[in-house]
Amino acid sequence: MQKIVKQILGLTLSTSAAWAIGADALQVRSMAATCAACHGTNGVAQPGMETLAGQSKDDLLKKMMDFKSGKKPATLMHQLSKGYSDEQLEQLAGYFAALKK
């Protein structure tokens, strides 16, 4: 009986953890969707804008942090980046880095 209870608890905990990871991934994808107007669907931009997909996570994060701090001048990104926490910017950088160009 104890073995069955442990298996059920283990399944419940692993299902909860998977749901939490899925929810985080969905949240990051939703945040990334707000970038589509300028940087294109799935981070592949039209000519004249920067494609985010496939860039290095470190490079993307540095750019976004520089926008946020004001080190890198911009028309909109310096304002938009301030709306995200450092952790969210890191998540976005990872998301776009994982996409194909």
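Residues numbered from 1 in each chain as written. Predicted model: local features only at pLDDT ≥ 70, side-chain atom pairs only at ≥ 80, totals over all residues. Heavy atoms only, no water.

## Topic: the packing of aromatic side chains
The geometry of an aromatic ring pair is captured by the separation of the ring centres together with the interplanar angle, meaning the angle of the planes.
Here is step 1: Summed over the entire model, instances satisfying the criterion amount to one aromatic pair.
Here is step 2: Note on Y95 and F96: the rings are 5.3 Å apart at their centroids and 80° apart in plane angle, and the pair reads as edge-to-face.
Here is step 3: On the basis of relative accessibility, which here comes to 21%, the residue Y95 falls in the partly exposed class. (Phe/Tyr/Trp six-rings, centres within 6.5 Å; stacked < 30°, edge-to-face > 60°. Buried < 20%, exposed > 50% of the residue type's maximum accessible area, 1.4 Å probe, protein only.)

## Thoughts on helix α3 (residues 57-69)
Here is step 1: Helix length check: α3, at 13 residues, gives a terminal C-alpha distance of 18 Å against a target of 18 Å (1.5 Å per residue), a fit within 8%.
Here is step 2: Every buried residue belonging to α3 is among L60, M64, D66 and F67, and all of these are buried. All buried residues of α3 lie within an arc of 160° about the axis, which places them on one face of the element. Turned more than 90 degrees away from the buried face of α3, the exposed residues are D58 and K62. (Helix = DSSP H or I, 4+ residues; strand = E, 2+ residues; numbered from the N terminus. Expected span 1.5 Å × (residues − 1). Arc of directions from axis to C-beta.)

## Considerations on unusual backbone geometry
Here is step 1: Unusually for a residue other than glycine, N42 sits at a positive phi of about 60°.
Here is step 2: Checked against the element boundaries, N42 lands in the loop between α2 (36-39) and α3.
Here is step 3: On the basis of relative accessible area, N42 is assigned to the partly exposed category, the value being 48%.

## So, the environment of L89
Here is step 1: Secondary-structure assignment places L89 in helix α5 (residues 86-98).
Here is step 2: Sequence separation of L89 and M65 is 24 residues, and the distance between their C-alpha atoms is 7.7 Å.
Here is step 3: L89 has contacts with L61, M64, M65, K68, S81 and Y84, leaving out every residue within four places of it along the chain. (Contact = heavy atoms within 4.5 Å.)

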